[in-house]
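# Tertiary structure, described
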Amino acid sequence: MKVSAIITLKKDVLDPQGKVIHQALDGMGFENISEVRQGKYFEIDVNENDPNKAKAIVEDMCKKLLANLVIENFKIIETQ
Amino acid sequence: MKSSVITFPGSNCDRDMDVALKKFGFNNKMVWHNNNELPKSDLVVLPGGFSYGDYLRCGSMASKSRIMQSVINFAKSGGLVLGICNGFQILVETGLVPGVLLRNKYLEFICKNVFVKLDNKENAYFKNLNKDVMEFHIAHNEGNFFCTKDQLKEIKDNNQIAIYYCNSEGKIEDQYNPNGSIKNIAGIFNKEKNVLGMMPHPERMIDQSLSGEDGSIFFKNLINNIK
């Protein structure tokens, strides 16, 4: 079963890369942006058929390695 | 005095550290990250570099490598663990020292000499040093120290700030902050002060003709403190 996770920076953490992307987009004429934040996306194929169990495994991965909870939040976004 | 330098895939300051430690009297061993056991050591050093290509987050993969469980146990039993640059990033990922190291504020790789102010000499690393300001080298892309407000309060309350970026006179101001670190923090201790993580490289300042002498002063003092 495929489980996806999105890792985003917490609100009060500075995201200089997002800022530069914002500026570049602005320069290209996309002027209706108030903020850009960059994050990470993972697609993990887990050998588990029970969606809840598969999600729980990926949640554990997020807590232990994929995200650093001091600065990042994670969200399990879909299962297939 | 025995020391161990851990080599991870992508470490590149491990041999510099080996040279520095031996120069000042340590009997140093290089330890591969995939080993389970740490040799008997008075000091363990996590060197600089780009362990695991800085994938995911700098230091994150190395912090889970096999040898690290032994390093964590060694630190928790009071052993001295020094993390330099990428080694500092690995230390924060293990949770041995608080906070994280983010991308430098202005997105530049910074490679230059800096001055740092020692904040706390009640520890094995800086005890008996007759200098308050030292000149070291930095070379990093992710050295922007960040922590939550609660963590910062705890760090301050426990005197865990080891060094601050400053000028040659020891003035700690925003203009001397190379990477955007909170409060100009360049290095942090754990609560017990046996674990030190810092971005500057003392091992690059051990030869007057090449760089400077403040690294020599640091290592000479360190081995005397451990003896």
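Reference entry: report on the structure contained in this document. (Residues numbered from 1 in each chain as written. Chains lettered and ligands numbered in written order. Predicted model: local features only at pLDDT ≥ 70, side-chain atom pairs only at ≥ 80, totals over all residues. Heavy atoms only, no water.)

## Looking at the sheet that holds strand S6 (residues 110-118) of chain B
All names here are of chain B. One open sheet holds the nine strands; their spatial order is S2-S1-S3-S4-S11-S10-S9-S6-S7, and the pairing between them is mixed. In this open sheet, the two strands that pair with only one neighbour each are strand S2 (27-32) and strand S7 (133-140). On average, each strand axis in the sheet is tilted by 25° relative to the strand beside it, whichever way the strands run. Against the sheet, helix H1 (residues 14-23) engages strand S1 (2-7), S2, strand S3 (43-46) and strand S4 (80-84), with an angle of about 160° to S2. (Pairing = 2+ DSSP bridges. Helix = DSSP H or I, 4+ residues; strand = E, 2+ residues; numbered from the N terminus. Axes fitted to C-alpha atoms, helices over the stretch in contact; angles between N-to-C directions. Contact = heavy atoms within 4.5 Å.)

## Re the layout of surface pockets
What the largest pocket holds in volume is close to 520 Å³. Along its surface, the largest pocket is lined by 25 residues, and Gln17(A), Lys40(A), Glu72(A), Leu56(B) and Arg57(B) are the ones closest to its centre. Secondary structure elements with two or more residues in the lining of the largest pocket: strand S1 (2-9) and helix H1 (16-27) of chain A together with helix H3 (86-94) and strand S5 (100-102) of chain B. Looking at the lining of the largest pocket residue by residue, the classes come out as eleven nonpolar, six polar and eight charged. Lining the second largest pocket are 26 residues, and of these Thr94(B), Gly95(B), Leu96(B), Val97(B) and Pro98(B) sit closest to its centre. Mapped by element, the contributors of at least two residues to the lining of the second largest pocket are helix H2 (51-66) of chain A together with helix H2 (66-76), H3 and helix H4 (149-157) of chain B. (1 Å grid on protein atoms, 1.4 Å probe; cavity = no way out; pocket = protein on both sides within 12 Å on 5 of 7 lines; lining within 4 Å. Points joined across faces, edges and corners; volume = space filled by probe spheres on them. Nonpolar A, V, L, I, M, F, W, Y, C, P; charged D, E, K, R; others polar.)

## Remarks on the sheet that holds strand S3 (residues 72-79) of chain A
Residues and elements named next belong to chain A. The three strands lie next to each other as S2-S1-S3, forming an open sheet whose pairing is antiparallel. Two strands bound the open sheet, and with one partner strand each, they are strand S2 (40-45) and S3. Across the sheet, the axes of successive neighbouring strands diverge by a mean angle of 20°, strand direction being ignored. The pairing of S1 with S3 spans seven bridges and is antiparallel.

## Here's the deal with the interface of chain B and chain A
Between chain B and chain A, the residue contacts involve 14 residues of the former and 16 residues of the latter. For the pair chain B and chain A, the summed buried surface comes to about 1300 Å²; carbon and sulfur atoms form 70% of the total. Linking chain B with chain A are one salt bridge. For Glu72(A), the salt bridge is made with Arg57(B), and the minimal N-O distance between the two is 3.6 Å. One can count six residue pairs in polar contact (both at pLDDT 80 or more) joining chain B with chain A. (Buried area = accessible area lost by both parts, 1.4 Å probe. Salt bridge = Lys/Arg side-chain N within 4 Å of Asp/Glu carboxyl O. Polar contact = N/O pair within 3.5 Å; in protein donor to acceptor, adjacent residues only side chain to side chain.)

## Here we look at the pairing of S2(B)
All names here are of chain B. Here six bridges tie S1 to S2, and the two strands are oriented parallel to one another. Bridge pairing in S2 links Val5 to Met30. Crossover connection from S1 via H1 to parallel S2: handedness right-handed. (Right-handed = clockwise from strand over helix to strand, strands pointing away.)

## Brief notes about the nonpolar core
In terms of nonpolar packing, the biggest core is built from 67 residues, with Ile6(B), Leu43(B), Val81(B), Tyr125(B), Phe126(B), Phe218(B) and Phe219(B) touching the most fellow members. The element best represented in this core is H2(B), accounting for six residues. Ignoring anything within four residues of it in the chain, the contact list for Phe219(B) reads Met17(B), Ala20(B), Leu21(B), Phe24(B), Pro202(B), Glu203(B) and Ile206(B). Grouped together as the second largest cluster of nonpolar side chains are eleven residues, Ile7(A), Val46(A), Ala54(A) and Val58(A) included. (Core = buried A, V, L, I, M, F, W, Y, C linked by side-chain atoms within 4.5 Å. Buried < 20%, exposed > 50% of the residue type's maximum accessible area, 1.4 Å probe, protein only.)

## A short note on the pattern of salt bridges
Throughout the structure, instances matching the rule amount to ten salt bridges over all chains. For Asp157(B), the salt bridge goes to Lys153(B), with nearest N and O atoms at 2.7 Å. You can see Asp157(B) and its partner Lys153(B) sitting in helix H4, four residues apart, about one turn around the helix. Given the relative accessible area of 51%, Asp157(B) is considered exposed. Overall, Lys153(B) belongs to the exposed group, its relative accessible area being 53%. Here the salt bridges do not stand alone but share partners, grouping Lys40(A), Glu72(A), Arg57(B) and Glu93(B) into one network.

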